[in-house]
Amino acid sequence: MNQSKNSAVWVFYRRWRLVLNCALLTVLFFADCWWGGMVYIVYPLLLAMVCFDDFANATSYLVYVIPFVALNGWWGGIFYLLCFLAVVFRFYLTLWGVERQRPQPLLLIFIGLFVVYCLLPIGPYNGDLWRKIALFLVVFVMVSIIAGKPEVLRLSVNVRTLAVAIIVASLLGCLRPVIPHLKAIIPSYIGNGWPRFTALFWQPNALGMLCSVMVSLFAYLLISRRAQWYDYLLMFSITAIGFAALSKTCLVIMVLVYLIILGYLLHRNWAPTVVVSLVVLTVVIGFCCLKPTLVSDYLGRFTENLAGGEDFTAFMNNLTTLRYALWVNYSTYLWQHPLALLFGRGLGAAPLFTPTNGRYLSPHNFLLAMVYQLGLVGTALFVAVLVLMFRQLKKRRTTAIHRAIWVPILILLLLLSVEDTILYITEIKI
């Protein structure tokens, strides 16, 4: 009798272990909000999960933990990296040792050329250089895993997993005012008199960018007809969290994605779409009438500086929070220095001084940052590596990719045009 009961429990756990293990991680991260010593418990447990569960679930565990990494500062990032490397080791051990698949010689050659090019003495060897090389290798490894085993991507499962994690992290972030340890770790941000929500991230823009990408992925599920009813609830929840971050970029991208979804629904079945849209519009107008000050203050966070532009340059600087001045400054520099345009100044190069901003700042544009640091030659090598990897993915995939995949690709390109997270150049204080 006991053996049969134990067997039933084991079968139940094997079936629902992803949900149960994520629930256990949630409890531990809640405790982590009160006591930082939990980092020495939660990450060893995560390491055990990614080592002993199947590869697909191991990937989902890593995805679930993303919104909680900042809870433990640099230690959280280091321990998370160790768990990531454990999954990478498992992947290549299986791919090369068990399945006897060999890497493409041409791909290895181009990766080697790219790394050597990054190490060439064209700039100082500093922390920025090593950090960026490491991040490039992480990107290559992630794309390689997707290309080598596309079946473990489980896009629907992992999008929902990350959405739930963001919602849980946001709920825990709401406890910041009453938890001293959490208040000491997660900084508070104020934008034009408004508190900017960060959940458990260090910076509200990071939360806004992640929510933007997530909404675009839900749009992909919806348009490709893979979405379930609860995906709509998750998408609306992530949208609300993204708005709370008070990010201009996030707001623009959210509006763009919802317009794309509206266009798709009108094309697919216009009558119910019009009815639902009118209902939503009525609710929005009603809320604006009930809370006009709240709505105007929120929108004023994004529009109050736009009217002050005396010319196009001033308007663009107000619209992009002075990013436009950075883009013009770096573009002008590259145009005036052909050798830098061709070969770059190195991954350890210092940022340029921008008079409009009055500071030495990174360009906040991924393409400009890459060309400034690696030149057209290094950029071409980087693109060549990605092309070879995606060619491998095209050969291995067993199902067709729906054209709606262009929605998250478009959103990613828009984010890269205003941010340079991987290639961020450390600001010089003056």
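All values reported here derive from a predicted model rather than from experimental measurement. (Residues numbered from 1 in each chain as written. Predicted model: local features only at pLDDT ≥ 70, side-chain atom pairs only at ≥ 80, totals over all residues. Heavy atoms only, no water.)

Undergrad: Before we move on, can you summarise the overall build of the protein with the specific residues and values?
TA: Looking only at helices and strands, the protein has 18 helices and four strands in total. Over its C-alpha atoms the protein spans a radius of gyration of 23 Å, differing by no more than 12% from the 22 Å that the globule rule assigns to 430 residues. Overall, the C-alpha framework of the protein stretches about 80 × 60 × 50 Å when taken along its three principal axes. The 430 residues of the protein split such that 44% are buried. A fraction of 75% describes how many contacts in the protein between residues 6 or more apart in sequence connect residues 24 or more apart. Working note: accessible area of the protein is about 23,000 Å², and carbon and sulfur atoms make up 73% of it. Side-chain charges in the protein split into 31 positive and 14 negative, and the spacing between the mean points of these groups amounts to 11 Å. (Helix = DSSP H or I, 4+ residues; strand = E, 2+ residues; numbered from the N terminus. Rg over C-alpha atoms; globule rule 2.2 N^0.38 Å. Buried < 20%, exposed > 50% of the residue type's maximum accessible area, 1.4 Å probe, protein only. Contact = heavy atoms within 4.5 Å. Areas by Shrake-Rupley, 256 points an atom, 1.4 Å probe, with all protein chains shown as cover. Lys, Arg positive; Asp, Glu negative; His and termini not counted. Charge placed at Lys NZ, Arg CZ, Asp CG, Glu CD.)

Undergrad: Can you lay out the packing of helix H4 (residues 73-98) against helix H6 (residues 127-148) for me, pointing to particular residues and giving the numbers?
TA: In a pair of packed helices, the angle between the axes and the distance between the axes together describe the arrangement. The contact between H4 and H6 brings their axes to 11 Å, and the two run at 45 degrees. Considering the angle they form, H4 stands oblique to H6. Seen from above, H4 lies across H6 with left-handed handedness. Contacts from Phe 84, Val 88, Phe 91 and Tyr 92 of H4 reach H6 at Val 138, Val 141, Met 142, Ser 144, Ile 145 and Gly 148. (Axes fitted to C-alpha atoms, helices over the stretch in contact; angles between N-to-C directions. Parallel < 35°, antiparallel > 145°, perpendicular 65-115°, else oblique. Left-handed = near helix turned anticlockwise from the far one by under 90°.)

Undergrad: Before we move on, can you summarise the packing of aromatic side chains with the specific residues and values?
TA: The way to describe two aromatic rings as a pair is by their centre distance and the angle between their planes. Here the structure, examined in full by the defined rule, presents 21 aromatic pairs. Ring plane angle 40 degrees and centroid distance 6.0 Å describe the contact between Tyr 43 and Phe 79, whose orientation is recorded as tilted. Here the residue Tyr 43 occupies a position in helix H2 (residues 39-52), and Phe 79 occupies one in helix H4, the gap between them amounting to 36 residues. Both residues of the pair, Tyr 43 and Phe 79, count as buried. Ring centres of Tyr 330 and Tyr 372 lie 5.0 Å apart, and the angle between their planes is 90 degrees; on these two criteria the pair is classed as edge-to-face. Taken as a pair, Tyr 330 in helix H15 (residues 323-336) and Tyr 372 in helix H17 (residues 366-396) lie far apart in primary sequence, 42 residues in all. Here Tyr 372 falls in the buried class, since its relative accessible area comes to 0%. (Phe/Tyr/Trp six-rings, centres within 6.5 Å; stacked < 30°, edge-to-face > 60°.)

Undergrad: Describe the nonpolar core, naming the residues involved and giving the relevant values.
TA: Counting residues in hydrophobic clusters, the biggest one holds 44 residues, and the most contacted among them are Tyr 43 and Phe 68. The set of elements that each furnish at least two residues to this core consists of helix H1 (2-32), H2, helix H3 (55-65), H4, H6 and helix H7 (155-173). A total of ten residues in this core trace back to one element, the largest contributor, which is H4. (Core = buried A, V, L, I, M, F, W, Y, C linked by side-chain atoms within 4.5 Å.)

Undergrad: Mind laying out the pattern of salt bridges, listing which residues take part and the relevant values?
TA: Taken as a whole, this structure holds six salt bridges when the rule is applied. Between Glu 419 and Arg 323 there is a salt bridge, with its nearest N and O atoms 2.6 Å apart. Within this pair, whereas Glu 419 is found in the segment after helix H18 (406-416), its partner Arg 323 is found in helix H15, the two being separated by 96 residues in sequence. Side by side, Glu 419 and Arg 323 carry an identical accessibility label, which is buried. Several salt bridges share partner residues, and in doing so they unite Arg 17, Asp 53 and Asp 54 into one network. (Salt bridge = Lys/Arg side-chain N within 4 Å of Asp/Glu carboxyl O.)

Undergrad: So what's going on with H4? Which residues, and what values?
TA: The end-to-end C-alpha separation of H4 is 37 Å, in line with the 38 Å expected for 26 residues at 1.5 Å each. By the burial criterion, the buried members of H4 are Gly 73, Gly 76, Phe 79, Tyr 80, Cys 83, Phe 84, Ala 86, Val 87, Val 88, Phe 91, Tyr 92 and Leu 95. Residues of H4 that are buried in the fold lie against H2, H3 and H6. With its phi angle positive at about 60 degrees, Arg 100 sits one or two positions after the end of H4. (Expected span 1.5 Å × (residues − 1).)

Undergrad: I'd like to hear about a nonpolar patch on the surface, residue by residue, with values.
TA: On the surface, a nonpolar cluster with roughly 830 Å² of combined accessible area is contributed by Val 255, Leu 259, Leu 262, Leu 266, Trp 270, Val 274, Leu 278, Leu 281 and Ile 285. Elements that contribute at least two residues to the nonpolar patch include exactly helix H11 (248-268) and helix H12 (270-290). By residue number, the principal contributor to the nonpolar patch is H12, which donates five residues. If you trace the backbone, Ile 285 turns up in helix H12. (Patch = residues over 30% accessible without salt bridge, like charges linked within 9 Å, V, L, I, M, F, W, Y side chains within 5 Å.)

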